[in-house]
Amino acid sequence: MPTWDVVIVGAGAAGLCCAQALVDKNLRVCVLEASDRPGGRLKTDMVDGFRLDHGFQVLLTAYPAAQQTLRYESLKLGRFQPGAKVWWNGRFHTVSDPLRRPAEAFSTLQAPIGSLMDKLRIAQLRYESTQGDLSELFERPSKPTLAWLQQYGFSDAMIQRFFYPFLGGIFLDPTLQTSSRMLQFVWRMFTEGMAALPAEGIESIARQWAQGLPNDWLYCNTPAVAVEEGAVVTADGHRWEGQTIVLATDLSTARHLLGKNQRRTEDADCYPVSCLYFEAPSAPFLEPLLVLNGERRVAETDINNLCVPTNVCASYGPGDGRALVSVSVLSSQAPDVTPTLRRWFGNQVVDRWRLLKTYTIANALPQKSTQLTDTAWYRELPHPRTVILCGDYTEMPSLQGAIVSGQKAAAEALRRLQSDAVSAWR
């Protein structure tokens, strides 16, 4: 008999949520993680007293699956102010949500980030994105986000100065080919909740999920090298036998483990991102706002967005007044961003900053174009009776998608185990 009911490969959001759902059903589950700790992309390092997330990441508090599986009060969330500072034409312009910050409505309307009609269409988009339930939203007609925005009537200026850097930073898609359904979903999440940072870094989300697992069921530093019928083989040669195998890895790792290394045209690629963290003697601005580069051109490798995490959560810094600055570039190559930073904040300010660390994440988010569930390749899995795949690439490229995929994989694993038990009884 197999040692485990379910063997899960990968302790990211999808794998941990899958494991938790199965543990709640009193099943024996083990989770194999290649790195030294759970979390997957939800990782945080301490460097010289600063908390550095592996790439700039936020929790959207309105995610239904996050609300269901996380205890927000334990995360001690710091929240971003709704709105953004947009660099355009030599200065910053602040745009805010007038419904949440009515005192800033006039300055938002006056900001040269799109026309008055653009801002009225933002209000219309806000209304339309919140109508119906989420399942209805994902049944709406889909097209690339850029084409959808153009058809909706947004001006080229609004798209260039606001939507490219704002949505590009969320989707990590520099050309806005992501599905318009994802645009409407994200807009709904920002409308119904807030963008937030956990006080102890983004990794504390994964730690909270991992705390719900028995201590001897999570095996870190245990990389899988192959999947067989009813077993996972790890680098030390051990075979982890299970009635069901769940691969909760990124897409390329799943292909490798299944011996499907040749990419097919319908396979999803991943978008990269580079994140540079700087220590600053003081914050270059004080608001807990995201900064968008309204002058970034699609073909340029330049800053897409910037924030000061210590403005949102003081615990991201050492508590002595020094600030943490996070800079994101939508590229696998981290360029020299100091010329842009000097234009924005001045030479005397930026020359006092110190680069703490650069993270380059090649597989930061799965690429999704007009279809959010294009998963044809893994319908031809080897070992289809025992292998289940999950990860945000099977749902939507987001923390919400990762959680939901883990829950669906757990439900499918439970169904298979129950079906096998009935067949054995008969």
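Note that the coordinates shown come from a computational prediction; the quantities given were computed from them, not determined experimentally. (Residues numbered from 1 in each chain as written. Predicted model: local features only at pLDDT ≥ 70, side-chain atom pairs only at ≥ 80, totals over all residues. Heavy atoms only, no water.)

### A closer look at the overall build of the chain
Each helix and strand counted, the chain has 15 helices and 19 strands in total. Sequence-distant contacts, at least 24 apart, represent 73% of the contacts inside the chain between residues at least 6 apart. For the chain, the accessible surface area stands at approximately 18200 Å², while carbon and sulfur atoms represent 50% of it. (Helix = DSSP H or I, 4+ residues; strand = E, 2+ residues; numbered from the N terminus. Contact = heavy atoms within 4.5 Å. Areas by Shrake-Rupley, 256 points an atom, 1.4 Å probe, with all protein chains shown as cover.)

### Quick look at the confidence of the model for the chain
Chain-level pLDDT for the chain is 90 on average; 90% of the residues reach the 70-or-more range. Counting interchain partners and residues more than four positions distant, the pLDDT-below-50 stretch residues 262-268 has 13 contacts. A low-confidence stretch, residues 370-380 stays under pLDDT 50, and its non-local contacts, those more than four residues away or across chains, total 34 contacts. (pLDDT = per-residue confidence, 0-100.)

### A closer look at unusual backbone geometry
Here Leu172, not a glycine, exhibits a phi torsion of approximately 60°, which is positive. If you trace the backbone, Leu172 turns up in the loop between α8 (156-171) and α9 (180-192). Unusually for a residue other than glycine, Leu176 sits at a positive phi of about 55°. The residue Leu176 is located in the loop between α8 and α9 in this model. A residue is classified by how much of its surface remains accessible, and Leu176, at 0% relative accessible area, is buried. (Buried < 20%, exposed > 50% of the residue type's maximum accessible area, 1.4 Å probe, protein only.)

### Digging into the environment of Ser129
By secondary structure assignment, the location of Ser129 is in helix α5 (residues 116-129). What makes Ser129 buried here is its relative accessible area of 1%. Along the primary structure Ser129 and Gln184 are separated by 55 residues, whereas in three dimensions their C-alpha atoms are 5.2 Å apart. When residues no more than four places from it in sequence are discounted, the contact partners of Ser129 are Leu137, Arg140, Gln184, Trp187, Arg188 and Thr191.

### So, the side chain of Asn304
In this fold, Asn304 is placed in the loop between β15 (290-293) and β16 (305-307). Overall, Asn304 belongs to the buried group, its relative accessible area being 0%. At a separation of 2.9 Å, a polar atom in the side chain of Asn304 contacts the main-chain carbonyl oxygen of Pro165. Each residue touching Asn304, except ones within four places of it in the same chain, is listed here: Tyr164, Pro165, Gly168, Gly169, Val291, Leu292, Asn293, Arg296, Ser328 and Leu330. (Polar contact = N/O pair within 3.5 Å; in protein donor to acceptor, adjacent residues only side chain to side chain.)

### Concerning helix α10 (residues 203-210)
In terms of burial, α10 is a largely internal element, seven of the eight residues being buried. If you check which residues of α10 are buried, you get Glu203, Ser204, Ile205, Ala206, Gln208, Trp209 and Ala210.

### Quick notes on the sheet that holds strand β17 (residues 323-329)
As summarised here, the arrangement of the seven strands in space is β8-β7-β15-β16-β17-β14-β18, forming an open sheet in which the pairing is mixed. Of all the strands in the sheet, the pair left with one neighbour each is β8 (91-96) and β18 (354-366). For this sheet, the mean angle separating the axes of adjacent strands, direction not counted, is 25°. Here strand β7 (residues 83-88) pairs with β8 via six bridges, running antiparallel. Note on β8: the bridge partner recorded for Val86 is His93. Sheet contacts for helix α13 (residues 338-345): β7, β8, β14 (270-280), β15, β16 and β17; angle to β16, the most-contacted strand, approximately 60°. (Pairing = 2+ DSSP bridges. Axes fitted to C-alpha atoms, helices over the stretch in contact; angles between N-to-C directions.)

### Remarks on the sheet that holds strand β9 (residues 195-197)
With respect to topology, three strands assemble into an open sheet ordered β5-β9-β6, the strand pairing being antiparallel. The sheet is open, and its two borders are formed by β5 (59-60) and β6 (78-79), each paired with just one other strand. In the sheet, β5 pairs with β9 via two bridges, with the strands oriented antiparallel. The residue bridging Leu59 from the neighbouring strand is Ala196, located in β9.

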